[in-house]
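# Structural characterization, general
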Amino acid sequence: MVWLGGAAVALALLGWYVWGADSDASATQKGAGGVGSEILAARATNAASGPAGAINGGPYSVAGLQSRQEQLALWRGRYERAEQIYASYRDATRYPYDSRPIAEHPDQVRPFAAIAEELKMRNANGDMVKGVRLRTSQERVFLSGAESVKFSVAVVDENDRSLPLVIRSAQAQSIPDSRTPIKLVQATVAFSDDGAGADDVSGDGTYSGRLTPATQGFQNYGGTIRLLVEMAVDGQQGVAHFDVVYTPDVPATWVGAREELEAGSLNFYLKANVRMGGRYVVSARVDDANGVPLALLQFNDEVAAGSREFKLQLFGALVLDKNPAFPLRLRDVDGFLLMPDKFPDRATMARKPGVVHVSAVYPRSRFSSAEWSSEERQRYLTEYGKDADTARRRLDELSGQ
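What comes next is a walk through the structure. In this text the structure is predicted, and so the values were computed from the model without any measurement.

Reading the values: the criteria
- Residues numbered from 1 in each chain as written.
- Predicted model: local features only at pLDDT ≥ 70, side-chain atom pairs only at ≥ 80, totals over all residues.
- Heavy atoms only, no water.
- Core = buried A, V, L, I, M, F, W, Y, C linked by side-chain atoms within 4.5 Å.
- Buried < 20%, exposed > 50% of the residue type's maximum accessible area, 1.4 Å probe, protein only.
- Contact = heavy atoms within 4.5 Å.
- Pairing = 2+ DSSP bridges.
- Helix = DSSP H or I, 4+ residues; strand = E, 2+ residues; numbered from the N terminus.
- Axes fitted to C-alpha atoms, helices over the stretch in contact; angles between N-to-C directions.
- Phe/Tyr/Trp six-rings, centres within 6.5 Å; stacked < 30°, edge-to-face > 60°.
- Lys NZ or Arg CZ within 6 Å of the ring centre and 35° of its normal.

### Observations concerning the nonpolar core
Ranked by size, the top nonpolar core spans 36 residues in total, and within it Tyr 280, Val 286, Phe 310 and Leu 314 carry the most contacts. With residues up to four places along the chain from it excluded, the contact list for Tyr 280 reads Pro 251, Ala 252, Val 274, Phe 299, Asn 300, Asp 301, Val 303, Phe 310, Phe 336, Leu 337 and Met 349. By size, the runner-up hydrophobic cluster in this structure holds 29 residues, among which are Val 189, Phe 218, Val 229 and Tyr 246.

### A closer look at the sheet that holds strand β15 (residues 306-314)
Strand order in the open sheet formed by three strands is β11-β12-β15, and the pairing between neighbours is antiparallel. This sheet does not close on itself; its edge strands, each paired only once, are β11 (252-262) and β15. When strand polarity is set aside, the average angle formed by the axes of neighbouring strands in this sheet is 25°. Here β11 runs beside strand β12 (residues 265-274); their pairing, made up of 10 bridges, is antiparallel. In the strand pairing of β12, Ala 252 is matched with Val 274.

### Observations regarding the packing of aromatic side chains
Under the counting rule described, the total for this entry stands at 12 aromatic pairs. Ring geometry for Tyr 89 versus Tyr 384: centroids 5.5 Å apart, planes at 65°, classification edge-to-face. You can see Tyr 89 sitting in helix α3 (residues 62-92) and its partner Tyr 384 sitting in helix α5 (residues 375-399), a full 295 residues away along the chain. Note on Tyr 89: relative accessible area 18%, which makes it buried. A relative accessible area of 24% places Tyr 384 in the partly exposed class. Taken together, the ring pairs in this structure connect Trp 254, Tyr 280, Phe 299 and Phe 310 into an aromatic cluster. Seen from the ring of Trp 75, Arg 78 lies directly overhead, with NZ or CZ sitting 4.5 Å from the centre. Taking NZ or CZ as reference, Arg 258 lies 4.2 Å from the ring centre of Tyr 269, over its face.

Given below as structure tokens:
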């Protein structure tokens, strides 16, 4: 409670000063007439801006103590914020950007799950069909080469009860993405609820169909394909539409995988025959032996044509921090060639669903606990550290007054 002691001293000095001023004023007025008022005015001026212990200034005055406490609070807050920013950035960049806990990317845990929607059914004019809800799903948005995509539709009432559905037509059509005239491509997609072909369960009220662009007239087309499904429910008309983005060329094909424990990290190498050189983006997921999702691994770099390997690193500190059960399973790999300033902006590689590679069993001692390091990370840590040091020094100066 240093500031309370200072306040007491300030009040005592204040009392002494007022008493002394009154005595001097009385004596001066008695001995020198009007000169006393000038002396008092001069003393009052000195008191306003004078030395420590004065009425309005100095660290031991009431105003000075209040200002000091405000400065202490200000710099204490700045120091705490600077320390928090430093620690948050340090912890967030403990692992490299391409080897992250998959908990940070919940949407990437099951990348190949069908895209499902439920919404009010609408007719061709866009008006809602009362009492009918439409449920749709599609396997994917991007595909290339000989890949296909499955679609499904079903309708229910407001009480979630299945309604009888009739598919009147389902037409896929190319959608030009520029003003350049191109030949319109159209194809019919068969939907059924008989448990055959694309349909999984017969008679469950869900109708399914499959589009394979390469065999249905789109083999020379790259861009958006829109599927329009027209249906009837209890005499009411409704529509559903789906969009996919197709590229006829496959830029690279997968041919295998291997692993290496290097510099305290576990590296997976995915082998591929690259037909088209350029920047490739590849993602894969790692689960532990119990099926618990562990990490999202990514590759993003230029690759030349030929027989190549895509390196996916499982960072050592991440393994030590999460302590997964071995062996680890690399699964659900997807990748594409980035094509900037074009549409489509990517040419996809074939997806590899399920387990692609199972690792060996390694003891914890084989992994490094070192944090990730880079020029950029060190530069940011240095600057954030300077902010914290500056605030701490100023806080120490104010605390020592």
